[in-house]
Amino acid sequence: MPHLHLEYSDNLKQLDVEKTLLRLNHTLVGSGQFAQELDIKARAQAFAQFRVGVAPVARAFACVRLALLSGRSSEVKQQLSSSLLEVLKEAVHDVSGLEVQLSVEVTDMDRDSYVKVLLPT
Amino acid sequence: MPHLHLEYSDNLKQLDVEKTLLRLNHTLVGSGQFAQELDIKARAQAFAQFRVGVAPVARAFACVRLALLSGRSSEVKQQLSSSLLEVLKEAVHDVSGLEVQLSVEVTDMDRDSYVKVLLPT
Amino acid sequence: MPHLHLEYSDNLKQLDVEKTLLRLNHTLVGSGQFAQELDIKARAQAFAQFRVGVAPVARAFACVRLALLSGRSSEVKQQLSSSLLEVLKEAVHDVSGLEVQLSVEVTDMDRDSYVKVLLPT
């Protein structure tokens, strides 16, 4: 915890994924919500097969999903999603010829059944 | 909003993913539940590494997960999942030699913390 | 139902994914919680683009997400996640030079709107 997924359409050729993941993680660390920086597990996935809407328009997306152990307030979640969206906006700035949607979702993980182990123990 | 994921085992060689995504999106547009067609962000992912059950039988799957902002009724969700399943059934019809499972899940996204921006603004 | 996702960083070179998926499925079958073994749809995804935390340390992860139809007790979910974590621990044992995080999350799928069909019918 937390887990972060960055999903994006692979027509966002200028997206620097490595740099973006690091910035997203730094933003989470800077939020003060997480005890240890190593807890943040971020991964990115490019989609070659995608379709935004039905109109024949060149479109793209970059979406973050942040999964947290349940229990955080709505205010904290809003702050986190807003700050992560700012990172996306910096990362996807030059989109000439594309309609691009950026979004951030925060989701809860069931705290009672979540288990984790760190190796080596 | 909405986000749609189509996940399928890569032994479904005859699945026309591009066509299926467009049909899924058209079905969502036709539901009248969404203000703008461009809001629908659908993406597909083939899995080369999968295992259905434990028996040594040739099996496959195609699963849709539709993520909506929270607040829609159970009836609306049932209508959406049923209509999306019909699209899957049309898309995956010739499955000789394979046991195929098709499924649709509808999931809620927390409305309070979800943020989105459209570029160019 | 159930759906199982195994996500892992692709620096876990020694992970035998095929074997691990089968063991995860056998564990679910052995739990007695599922009517038919073929219901278990497990898939795995390697991430080449990932970032754990912000420190310049060699890190890795392997995370299972198990999605169940809503209604199972917290105790059942805890038993399932614990037993799946044991499988991960056996699968990812030799991690010299890497900090590895293994985790299991159990999530509910909305029972009312979930639909499934098995082909051929």
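Scope of this entry: the structure provided in the associated data block. (Residues numbered from 1 in each chain as written. Chains lettered and ligands numbered in written order. Predicted model: local features only at pLDDT ≥ 70, side-chain atom pairs only at ≥ 80, totals over all residues. Heavy atoms only, no water.)

1. Considering unusual backbone geometry
To keep it simple, the criterion reads: Numbering of helices and strands runs from the N terminus; a helix is a DSSP stretch of H or I covering at least four residues, while a strand is a stretch of E covering at least two.
Cis geometry is found at the peptide bond from Met1(A) to Pro2(A), where omega equals -10°. Looking at the element boundaries, Pro2(A) is found in the segment before strand S1 (3-9). Along the chain, Leu119(C) connects to Pro120(C) via a cis peptide bond; the corresponding omega equals -10°. Along the chain, Pro120(C) turns up in the segment after strand S6 (115-119).

2. Considerations on the interface of chain C and chain B
Here is the rule: Between two residues, a contact is recorded if the distance between any of their heavy atoms is within 4.5 Å. In this description, buried area is defined as the sum, over both parts, of the accessible area (probe of 1.4 Å) that is lost when the two are combined. When a carboxyl oxygen of Asp or Glu lies within 4 Å of a side-chain nitrogen of Lys or Arg, that pair is called a salt bridge. A 3.5 Å cut-off defines polar contacts: any pair of N or O atoms within that distance qualifies, except that in protein one atom must be a possible hydrogen donor and the other a possible acceptor, and neighbouring residues in sequence count only when both atoms are side-chain atoms. All residues other than Ala, Val, Leu, Ile, Met, Phe, Trp, Tyr, Cys, Pro, Asp, Glu, Lys and Arg, Gly among them, are scored as polar; the first ten of these are nonpolar and the last four charged. Should DSSP find at least two bridges between two strands, the strands are regarded as paired.
Tallying the contact residues gives 31 residues for chain C and 31 residues for chain B. Its largest share of buried area at the contact with chain B, chain C owes to Arg43(C), Val115(C) and Leu119(C), together 22% of the area lost on that side. Applying the counting rule to chain C against chain B returns two salt bridges. Note that Glu7(B) and Arg43(C) form a salt bridge whose closest N and O atoms lie 2.6 Å from each other. Taken together, chain C and chain B are joined by 20 residue pairs in polar contact (both at pLDDT 80 or more). Elements supplying a minimum of two residues to the side of chain C that touches chain B: strand S1 (3-9), helix H1 (17-30), strand S2 (41-47), strand S5 (99-109) and S6 of chain C. Class assignment for the residues of the side of chain C that touches chain B results in 17 nonpolar, six polar and eight charged. Alignment of strand S5 (residues 99-109) of chain B against S6(C), held across five bridges, turns out to be antiparallel.

3. Topic: empty space enclosed by the protein
The following threshold applies: Here a cavity denotes a set of grid points, spaced 1 Å apart and computed over the protein atoms alone, in which a 1.4 Å probe fits but from which it cannot get out, and a pocket denotes an open set meeting protein on both sides within 12 Å along at least five of seven lines; residues with an atom within 4 Å of a point are reported as lining. Grid points are joined across faces, edges and corners, and a volume is the space filled by probe spheres set on the points.
Scanning the entire structure with this criterion turns up one cavity of 30 Å³ or more. Each pocket or cavity is described by its volume, and for the largest cavity that value is around 90 Å³. Lining the largest cavity are 14 residues, with Glu7(A), Gln45(A), Gln45(B), Glu7(C) and Gln45(C) sitting closest to its centre. Those elements that place two or more of their residues in the lining of the largest cavity are S1 and strand S2 (41-47) of chain A, strand S1 (3-9) of chain B together with S1 and S2 of chain C. Looking at the lining of the largest cavity residue by residue, the classes come out as two nonpolar, six polar and six charged.

4. Describing the relation of the copies chain C and chain A
These two copies of the chain differ by a rotation about an axis and a displacement along the same axis. Condition: Overlaid copies result from least-squares superposition on C-alpha atoms, with residues included only where pLDDT is at least 70 in both.
Between the two copies, chain C and chain A, the superposition gives an RMSD of 0.0 Å; the rotation angle is 120° and the shift along the axis is 0.0 Å. Classification of the inter-copy transformation places it as that of a three-fold axis. When C-alpha distances to the rotation axis are compared across chain C, the minimum falls at Gln45(C), with a value of 5.8 Å. In this assembly, only 3% of the residues forming the interface of chain C have copies in chain A that are likewise at the interface, indicating a heterologous arrangement.

5. Notes on the packing of aromatic side chains
Our working rule: What counts as a ring pair is set by centres within 6.5 Å for rings of Phe, Tyr and Trp (its six-membered ring), and what kind of pair is set by the plane angle: stacked under 30 degrees, edge-to-face over 60, tilted for all other angles. Only protein chains enter the accessibility calculation, which uses a 1.4 Å probe. A residue is then buried if its area is under 20% of the maximum for its type, exposed if over 50%, and partly exposed in between. Only when the NZ atom of a Lys or the CZ atom of an Arg is both within 6 Å of the ring centre and within 35 degrees of the ring normal do we say a charge sits over the ring.
Counting across every chain of the model gives three aromatic pairs over all chains. Between Phe50(B) and Phe61(B) the ring centres are 5.8 Å apart and the planes differ by 85°, which places this aromatic pair in the edge-to-face class. One end of the pair, Phe50(B), is in strand S3 (residues 49-52); the other, Phe61(B), is in strand S4 (residues 59-69), with 11 residues separating them in the sequence. The class for Phe61(B) is buried, based on a relative accessible area of 0%. A cation sits over an aromatic face here: Arg43(A) above Phe47(C), 6.0 Å from the ring centre.

6. Observations concerning the sheet that holds strand S4 (residues 59-69) of chain A
Which entries qualify depends on this criterion: Here an angle of 0 to 180 degrees is reported between the N-to-C directions of two axes, which are lines fitted to C-alpha atoms, with helices fitted over the stretch in contact.
With respect to topology, six strands assemble into an open sheet ordered S6(B)-S5(A)-S4(A)-S1(A)-S2(A)-S3(C), the strand pairing being mixed. A single partner strand is all that each edge strand has here, and the edge strands are strand S6 (115-119) of chain B together with strand S3 (49-52) of chain C. Sheet twist, expressed as the average angle between the axes of neighbouring strands with direction ignored, equals 10°. Each of S1, S2 and S4 of chain A together with S3 of chain C is contacted by helix H1 (residues 17-30) of chain A, which is oriented at about 25° to S3(C), the strand it contacts most. In this fold helix H2 (residues 74-91) of chain A packs onto S1, S4 and strand S5 (99-109) of chain A together with S6 of chain B, with an angle of close to 150° to the strand it touches most, S5(A).

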